Amino acid sequence: MKTIKGSNAFWQFLNDIALSGYGDTIFLNSYEYPKYECAVETIQKRFVQQVKAKYPMHNYGRSAPILNALRMVKSEDEIAITKQACDITAKAFRRCLETVKPGMYEYEVQAEIEYIFKKNGASGHAYAPIIASGKNACCLHYCKNQSLLNDGDLILFDIGCELKNYSSDLSRTIPINGKFTERQRDCYNAVLRVMKEITKLYRPGGTINEINETTYKLMEQEMIALGLFTAEDVKKQNPDKPLYKKYLMHGVSHHIGLDVHDSIDKFKLFEPGMILTCEPGLYIREEGIGIRIENDLLITESEPINLFEGLPTEIEEIEAAMGNISLA
Ligand code: GLY
Ligand code: MN
Ligand code: MN
(Lines give C-alpha, C1' and ligand atoms only; values in the text may rest on other atoms or scores of the structure.)
(Ligands and ions follow the chains in the order given, each with its own letter.)
Protein backbone atom coordinates (compact mmCIF):
# COMPACT_ATOMS: atom_id res chain seq x y z
CA MET A 1 0.00 0.00 0.00
CA LYS A 2 1.26 3.49 -0.81
CA THR A 3 0.60 6.47 1.42
CA ILE A 4 1.80 9.78 0.09
CA LYS A 5 1.30 12.96 2.07
CA GLY A 6 2.62 16.51 1.89
CA SER A 7 5.73 17.19 3.97
CA ASN A 8 3.75 19.67 6.10
CA ALA A 9 1.77 16.67 7.44
CA PHE A 10 4.94 14.87 8.51
CA TRP A 11 5.19 15.54 12.24
CA GLN A 12 1.50 14.98 12.91
CA PHE A 13 1.60 11.74 10.91
CA LEU A 14 4.70 10.50 12.72
CA ASN A 15 3.12 11.37 16.04
CA ASP A 16 -0.05 9.43 15.19
CA ILE A 17 1.95 6.32 14.28
CA ALA A 18 4.57 6.56 17.01
CA LEU A 19 2.00 6.98 19.76
CA SER A 20 -0.62 4.63 18.36
CA GLY A 21 0.64 1.66 20.29
CA TYR A 22 1.81 -0.08 17.10
CA GLY A 23 4.87 1.91 16.14
CA ASP A 24 7.57 0.39 18.35
CA THR A 25 10.61 0.86 16.16
CA ILE A 26 11.43 3.96 14.17
CA PHE A 27 13.83 3.49 11.25
CA LEU A 28 15.92 6.55 10.51
CA ASN A 29 18.12 7.14 7.52
CA SER A 30 21.78 8.12 7.44
CA TYR A 31 24.21 8.37 4.55
CA GLU A 32 26.38 5.30 5.03
CA TYR A 33 29.29 5.23 2.62
CA PRO A 34 32.61 3.78 3.82
CA LYS A 35 34.77 6.61 2.45
CA TYR A 36 32.43 9.42 3.50
CA GLU A 37 33.14 11.57 6.50
CA CYS A 38 31.49 14.90 7.18
CA ALA A 39 33.12 17.31 9.62
CA VAL A 40 29.97 19.34 10.19
CA GLU A 41 26.60 18.30 11.55
CA THR A 42 24.29 17.44 8.67
CA ILE A 43 20.59 18.14 8.40
CA GLN A 44 20.10 14.39 8.49
CA LYS A 45 21.97 14.07 11.81
CA ARG A 46 19.95 16.89 13.32
CA PHE A 47 16.74 15.20 12.22
CA VAL A 48 17.82 11.96 13.91
CA GLN A 49 18.49 13.85 17.14
CA GLN A 50 15.17 15.67 16.87
CA VAL A 51 13.15 12.46 16.48
CA LYS A 52 15.06 10.70 19.25
CA ALA A 53 14.51 13.64 21.59
CA LYS A 54 10.79 13.57 20.86
CA TYR A 55 10.37 9.81 21.31
CA PRO A 56 13.10 8.70 23.72
CA MET A 57 11.34 5.44 24.73
CA HIS A 58 11.07 3.95 21.21
CA ASN A 59 13.43 1.49 19.58
CA TYR A 60 15.48 2.78 16.70
CA GLY A 61 16.79 1.08 13.58
CA ARG A 62 18.88 2.08 10.55
CA SER A 63 17.00 2.33 7.28
CA ALA A 64 20.25 2.64 5.29
CA PRO A 65 20.86 -1.12 4.85
CA ILE A 66 17.29 -1.56 3.59
CA LEU A 67 17.42 1.47 1.30
CA ASN A 68 20.94 0.68 0.06
CA ALA A 69 19.81 -2.76 -1.11
CA LEU A 70 16.86 -1.15 -2.91
CA ARG A 71 19.01 1.61 -4.41
CA MET A 72 21.53 -0.80 -5.90
CA VAL A 73 19.02 -2.38 -8.27
CA LYS A 74 17.29 0.19 -10.43
CA SER A 75 13.66 0.08 -11.57
CA GLU A 76 12.81 0.65 -15.23
CA ASP A 77 11.94 4.27 -14.50
CA GLU A 78 15.24 4.85 -12.73
CA ILE A 79 17.13 3.30 -15.64
CA ALA A 80 15.24 5.49 -18.10
CA ILE A 81 16.05 8.68 -16.16
CA THR A 82 19.72 7.70 -15.80
CA LYS A 83 19.88 7.07 -19.56
CA GLN A 84 18.40 10.54 -20.17
CA ALA A 85 21.00 12.04 -17.83
CA CYS A 86 23.75 10.21 -19.73
CA ASP A 87 22.37 11.47 -23.05
CA ILE A 88 22.58 15.08 -21.83
CA THR A 89 26.12 14.54 -20.52
CA ALA A 90 27.04 12.95 -23.86
CA LYS A 91 25.72 16.05 -25.65
CA ALA A 92 27.89 18.25 -23.44
CA PHE A 93 30.96 16.20 -24.31
CA ARG A 94 30.14 16.41 -28.02
CA ARG A 95 29.99 20.18 -27.58
CA CYS A 96 33.51 20.02 -26.10
CA LEU A 97 34.74 18.04 -29.09
CA GLU A 98 33.54 20.88 -31.30
CA THR A 99 34.71 23.82 -29.23
CA VAL A 100 37.95 22.89 -27.43
CA LYS A 101 41.02 24.56 -28.88
CA PRO A 102 44.39 25.91 -27.71
CA GLY A 103 44.14 29.30 -26.00
CA MET A 104 40.82 28.68 -24.23
CA TYR A 105 40.65 28.38 -20.45
CA GLU A 106 39.38 25.31 -18.66
CA TYR A 107 36.53 27.36 -17.16
CA GLU A 108 35.40 28.40 -20.63
CA VAL A 109 35.03 24.75 -21.52
CA GLN A 110 33.14 24.24 -18.27
CA ALA A 111 30.75 27.01 -19.34
CA GLU A 112 30.03 25.17 -22.61
CA ILE A 113 29.19 22.05 -20.58
CA GLU A 114 26.94 23.93 -18.17
CA TYR A 115 25.14 25.56 -21.08
CA ILE A 116 24.27 22.16 -22.54
CA PHE A 117 23.27 20.75 -19.14
CA LYS A 118 20.87 23.59 -18.42
CA LYS A 119 19.61 23.91 -21.99
CA ASN A 120 18.53 20.27 -21.81
CA GLY A 121 16.76 20.44 -18.47
CA ALA A 122 19.38 18.99 -16.12
CA SER A 123 19.44 20.52 -12.65
CA GLY A 124 23.22 20.94 -12.84
CA HIS A 125 26.35 18.94 -12.13
CA ALA A 126 26.05 15.66 -10.25
CA TYR A 127 29.50 16.47 -8.74
CA ALA A 128 32.24 19.05 -9.10
CA PRO A 129 33.31 18.80 -12.75
CA ILE A 130 36.93 18.08 -13.63
CA ILE A 131 38.21 19.92 -16.70
CA ALA A 132 41.90 19.15 -16.46
CA SER A 133 44.44 19.97 -19.14
CA GLY A 134 48.05 18.75 -19.28
CA LYS A 135 49.48 17.74 -15.93
CA ASN A 136 46.37 18.95 -14.08
CA ALA A 137 44.82 15.65 -15.15
CA CYS A 138 47.30 13.83 -12.89
CA CYS A 139 45.73 15.51 -9.84
CA LEU A 140 42.82 13.15 -9.12
CA HIS A 141 40.25 15.56 -7.75
CA TYR A 142 41.41 18.63 -9.66
CA CYS A 143 38.45 20.98 -9.97
CA LYS A 144 39.94 24.48 -10.10
CA ASN A 145 39.42 24.43 -13.86
CA GLN A 146 41.33 27.67 -14.38
CA SER A 147 44.34 26.82 -16.57
CA LEU A 148 45.01 27.84 -20.15
CA LEU A 149 44.70 25.03 -22.71
CA ASN A 150 48.09 24.50 -24.29
CA ASP A 151 48.64 23.29 -27.83
CA GLY A 152 49.97 19.73 -27.72
CA ASP A 153 48.47 18.81 -24.32
CA LEU A 154 45.59 16.47 -23.57
CA ILE A 155 42.49 17.53 -21.67
CA LEU A 156 40.58 15.21 -19.36
CA PHE A 157 36.88 15.70 -18.70
CA ASP A 158 35.15 14.04 -15.79
CA ILE A 159 31.65 15.45 -16.03
CA GLY A 160 28.09 14.37 -15.35
CA CYS A 161 24.75 16.10 -15.08
CA GLU A 162 22.09 15.38 -12.54
CA LEU A 163 18.58 14.88 -13.86
CA LYS A 164 15.55 14.38 -11.58
CA ASN A 165 18.03 13.58 -8.77
CA TYR A 166 19.82 10.85 -10.77
CA SER A 167 23.49 11.10 -11.63
CA SER A 168 25.54 10.39 -14.72
CA ASP A 169 29.33 10.12 -14.69
CA LEU A 170 31.48 10.38 -17.81
CA SER A 171 35.21 10.70 -18.42
CA ARG A 172 36.88 11.25 -21.76
CA THR A 173 40.34 12.49 -22.68
CA ILE A 174 41.02 14.35 -25.92
CA PRO A 175 43.91 16.27 -27.52
CA ILE A 176 43.49 20.04 -27.20
CA ASN A 177 44.60 20.66 -30.79
CA GLY A 178 42.53 17.79 -32.17
CA LYS A 179 45.41 15.39 -32.87
CA PHE A 180 47.06 12.90 -30.48
CA THR A 181 50.87 12.68 -30.50
CA GLU A 182 52.34 9.23 -30.91
CA ARG A 183 53.08 8.93 -27.19
CA GLN A 184 49.62 10.17 -26.20
CA ARG A 185 48.12 7.72 -28.67
CA ASP A 186 50.04 4.78 -27.18
CA CYS A 187 49.02 5.73 -23.64
CA TYR A 188 45.39 6.31 -24.62
CA ASN A 189 45.10 3.00 -26.45
CA ALA A 190 46.62 1.19 -23.46
CA VAL A 191 43.77 2.48 -21.26
CA LEU A 192 41.16 1.79 -23.93
CA ARG A 193 42.33 -1.81 -24.44
CA VAL A 194 42.04 -2.43 -20.71
CA MET A 195 38.62 -0.79 -20.61
CA LYS A 196 37.34 -3.09 -23.33
CA GLU A 197 38.68 -6.11 -21.48
CA ILE A 198 37.23 -5.25 -18.08
CA THR A 199 33.86 -4.29 -19.54
CA LYS A 200 33.35 -8.05 -19.93
CA LEU A 201 33.39 -8.39 -16.14
CA TYR A 202 30.19 -6.38 -15.71
CA ARG A 203 27.85 -9.36 -15.55
CA PRO A 204 25.70 -11.02 -12.89
CA GLY A 205 27.88 -12.45 -10.13
CA GLY A 206 30.71 -9.96 -10.73
CA THR A 207 32.28 -7.70 -8.09
CA ILE A 208 34.04 -4.35 -7.98
CA ASN A 209 36.99 -6.08 -6.38
CA GLU A 210 37.42 -8.42 -9.35
CA ILE A 211 37.27 -5.42 -11.71
CA ASN A 212 39.91 -3.53 -9.75
CA GLU A 213 42.31 -6.46 -9.47
CA THR A 214 41.98 -7.35 -13.16
CA THR A 215 42.50 -3.74 -14.18
CA TYR A 216 45.66 -3.41 -12.08
CA LYS A 217 47.08 -6.62 -13.56
CA LEU A 218 46.34 -5.57 -17.14
CA MET A 219 47.51 -1.98 -16.64
CA GLU A 220 50.76 -3.24 -15.12
CA GLN A 221 51.49 -5.05 -18.40
CA GLU A 222 50.56 -1.95 -20.39
CA MET A 223 52.85 0.17 -18.23
CA ILE A 224 55.73 -2.20 -18.90
CA ALA A 225 55.04 -1.95 -22.65
CA LEU A 226 55.00 1.86 -22.32
CA GLY A 227 58.43 1.75 -20.68
CA LEU A 228 57.33 3.08 -17.31
CA PHE A 229 59.09 0.21 -15.53
CA THR A 230 60.30 -3.26 -16.47
CA ALA A 231 59.07 -6.78 -15.74
CA GLU A 232 62.27 -7.17 -13.69
CA ASP A 233 61.33 -4.14 -11.60
CA VAL A 234 57.93 -5.74 -10.92
CA LYS A 235 59.56 -8.96 -9.72
CA LYS A 236 61.61 -6.95 -7.24
CA GLN A 237 58.86 -4.58 -6.13
CA ASN A 238 57.60 -4.27 -2.58
CA PRO A 239 54.21 -6.07 -2.80
CA ASP A 240 52.77 -3.50 -0.39
CA LYS A 241 53.77 -0.72 -2.79
CA PRO A 242 53.28 -2.09 -6.31
CA LEU A 243 54.82 0.05 -9.05
CA TYR A 244 51.57 0.43 -11.01
CA LYS A 245 50.12 2.47 -8.15
CA LYS A 246 52.30 5.41 -9.11
CA TYR A 247 50.45 5.61 -12.42
CA LEU A 248 46.99 4.33 -11.46
CA MET A 249 46.03 5.18 -7.92
CA HIS A 250 42.24 4.86 -7.86
CA GLY A 251 39.49 2.27 -7.99
CA VAL A 252 37.85 1.77 -11.35
CA SER A 253 34.20 1.23 -10.55
CA HIS A 254 31.40 2.48 -8.32
CA HIS A 255 27.62 2.34 -8.34
CA ILE A 256 25.78 5.44 -9.52
CA GLY A 257 22.22 6.50 -8.74
CA LEU A 258 20.77 9.15 -6.46
CA ASP A 259 24.37 9.87 -5.50
CA VAL A 260 27.21 9.76 -7.98
CA HIS A 261 29.04 7.40 -5.63
CA ASP A 262 25.89 5.65 -4.61
CA SER A 263 25.55 3.97 -1.26
CA ILE A 264 26.02 0.24 -1.48
CA ASP A 265 26.17 -3.11 0.20
CA LYS A 266 29.70 -3.98 -0.90
CA PHE A 267 29.20 -7.71 -0.45
CA LYS A 268 26.33 -7.86 -2.91
CA LEU A 269 27.26 -9.46 -6.25
CA PHE A 270 26.30 -7.73 -9.49
CA GLU A 271 22.78 -8.35 -10.71
CA PRO A 272 20.65 -7.05 -13.59
CA GLY A 273 19.47 -3.50 -12.99
CA MET A 274 22.62 -2.27 -11.29
CA ILE A 275 24.46 0.67 -12.90
CA LEU A 276 28.19 1.00 -12.34
CA THR A 277 30.98 3.06 -13.79
CA CYS A 278 33.94 1.57 -15.65
CA GLU A 279 36.83 4.02 -15.41
CA PRO A 280 40.40 2.86 -15.90
CA GLY A 281 43.09 5.52 -16.09
CA LEU A 282 46.79 6.24 -16.48
CA TYR A 283 48.56 9.24 -14.97
CA ILE A 284 52.18 9.97 -15.93
CA ARG A 285 52.91 13.19 -14.11
CA GLU A 286 56.49 13.49 -15.42
CA GLU A 287 55.14 13.52 -18.99
CA GLY A 288 52.11 15.73 -18.28
CA ILE A 289 49.83 12.94 -19.45
CA GLY A 290 46.66 12.06 -17.52
CA ILE A 291 44.09 9.81 -19.15
CA ARG A 292 40.79 8.42 -17.90
CA ILE A 293 37.98 6.89 -19.93
CA GLU A 294 34.73 6.30 -18.07
CA ASN A 295 31.43 4.76 -19.12
CA ASP A 296 28.29 3.98 -17.11
CA LEU A 297 27.28 0.36 -17.57
CA LEU A 298 23.91 -1.24 -16.91
CA ILE A 299 24.17 -4.86 -15.79
CA THR A 300 21.84 -7.20 -17.70
CA GLU A 301 21.41 -10.98 -17.84
CA SER A 302 24.18 -11.04 -20.46
CA GLU A 303 26.43 -8.24 -21.86
CA PRO A 304 26.31 -4.90 -20.04
CA ILE A 305 24.67 -1.96 -21.80
CA ASN A 306 26.91 1.08 -22.14
CA LEU A 307 24.73 4.12 -21.41
CA PHE A 308 27.24 6.22 -23.41
CA GLU A 309 27.08 3.91 -26.43
CA GLY A 310 27.94 5.78 -29.62
CA LEU A 311 29.94 8.53 -27.94
CA PRO A 312 33.40 8.98 -29.55
CA THR A 313 35.94 6.86 -27.67
CA GLU A 314 38.33 5.52 -30.30
CA ILE A 315 41.17 7.85 -31.31
CA GLU A 316 39.96 8.01 -34.91
CA GLU A 317 36.42 8.95 -33.77
CA ILE A 318 37.73 11.68 -31.49
CA GLU A 319 40.05 13.16 -34.09
CA ALA A 320 37.31 13.06 -36.74
CA ALA A 321 34.82 14.75 -34.42
CA MET A 322 37.32 17.46 -33.49
CA GLY A 323 37.94 18.23 -37.14
CA ASN A 324 34.23 18.89 -37.60
CA ILE A 325 33.63 22.54 -36.73
CA SER A 326 29.85 22.84 -36.69
CA LEU A 327 28.36 24.47 -33.63
CA ALA A 328 24.90 23.20 -32.70
N1 GLY B 1 33.39 11.77 -10.98
C2 GLY B 1 33.76 11.02 -9.89
C3 GLY B 1 34.19 9.68 -10.27
O4 GLY B 1 34.42 9.43 -11.44
O5 GLY B 1 34.25 8.81 -9.49
MN1 MN C 1 33.73 10.41 -13.14
MN1 MN D 1 33.14 7.70 -11.57
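Residues numbered from 1 in each chain as written. Chains lettered and ligands numbered in written order. Predicted model: local features only at pLDDT ≥ 70, side-chain atom pairs only at ≥ 80, totals over all residues. Heavy atoms only, no water.

1. A few points about a nonpolar patch on the surface
Stage number 1. Taken together, the side chains of Phe27, Ile66, Leu67 and Leu70 present a nonpolar region at the surface, about 390 Å² in accessible area.
Stage number 2. A per-element tally of the nonpolar patch places helix 3 (residues 64–72) first, with three residues.
Stage number 3. By the element assignment, Leu70 lies in helix 3. (Patch = residues over 30% accessible without salt bridge, like charges linked within 9 Å, V, L, I, M, F, W, Y side chains within 5 Å. Areas by Shrake-Rupley, 256 points an atom, 1.4 Å probe, with all protein chains shown as cover. Salt bridge = Lys/Arg side-chain N within 4 Å of Asp/Glu carboxyl O. Helix = DSSP H or I, 4+ residues; strand = E, 2+ residues; numbered from the N terminus.)

2. Examining the coordination of the manganese ion (ligand 3)
Stage number 1. Coordination sphere of the manganese ion (ligand 3), protein contribution only: Asp169 (OD), His254 (NE2), Glu279 (OE) and Glu294 (OE), at 2.1 to 2.2 Å.
Stage number 2. Of note, the donors binding the manganese ion (ligand 3) are all from one chain and are spaced D-x84-H-x24-E-x14-E.
Stage number 3. Between the two metal centres, the manganese ion (ligand 3) and the manganese ion (ligand 2), the spacing is 3.2 Å, with Asp169 acting as a shared donor. Highlighted residues: Glu279 in the loop between strand 9 (275–278) and strand 10 (281–284) and Glu294 in the loop between strand 11 (289–292) and strand 12 (295–298), separated in sequence by 15 residues. Accessibility classification places Glu279 together with Glu294 in one group, the buried group. (Donors = N, O, S within 2.8 Å, 3.2 Å for Na, K, Ca; no water. Buried < 20%, exposed > 50% of the residue type's maximum accessible area, 1.4 Å probe, protein only.)

3. Observations regarding the pattern of salt bridges
Stage number 1. For the structure shown, the criterion picks out 19 salt bridges.
Stage number 2. Note that Asp87 is salt-bridged to Lys83, the shortest N-O span being 2.8 Å. Residue Asp87 and its partner Lys83 are located together in helix 4 (residues 76–99), separated by four residues, close to a single helical turn.
Stage number 3. For Glu319, the salt bridge goes to Lys179, with nearest N and O atoms at 3.0 Å. Here the residue Glu319 occupies a position in helix 9 (residues 315–323), and Lys179 occupies one in the loop between strand 8 (170–175) and helix 6 (182–199), the gap between them amounting to 140 residues.
Stage number 4. A residue is classified by how much of its surface remains accessible, and Glu319, at 14% relative accessible area, is buried.
Stage number 5. Lys179 sits in the exposed class, given a relative accessible area of 52%.
Stage number 6. A single network of salt bridges, built from pairs that share partners, joins Arg71, Lys74, Asp259 and Asp262.

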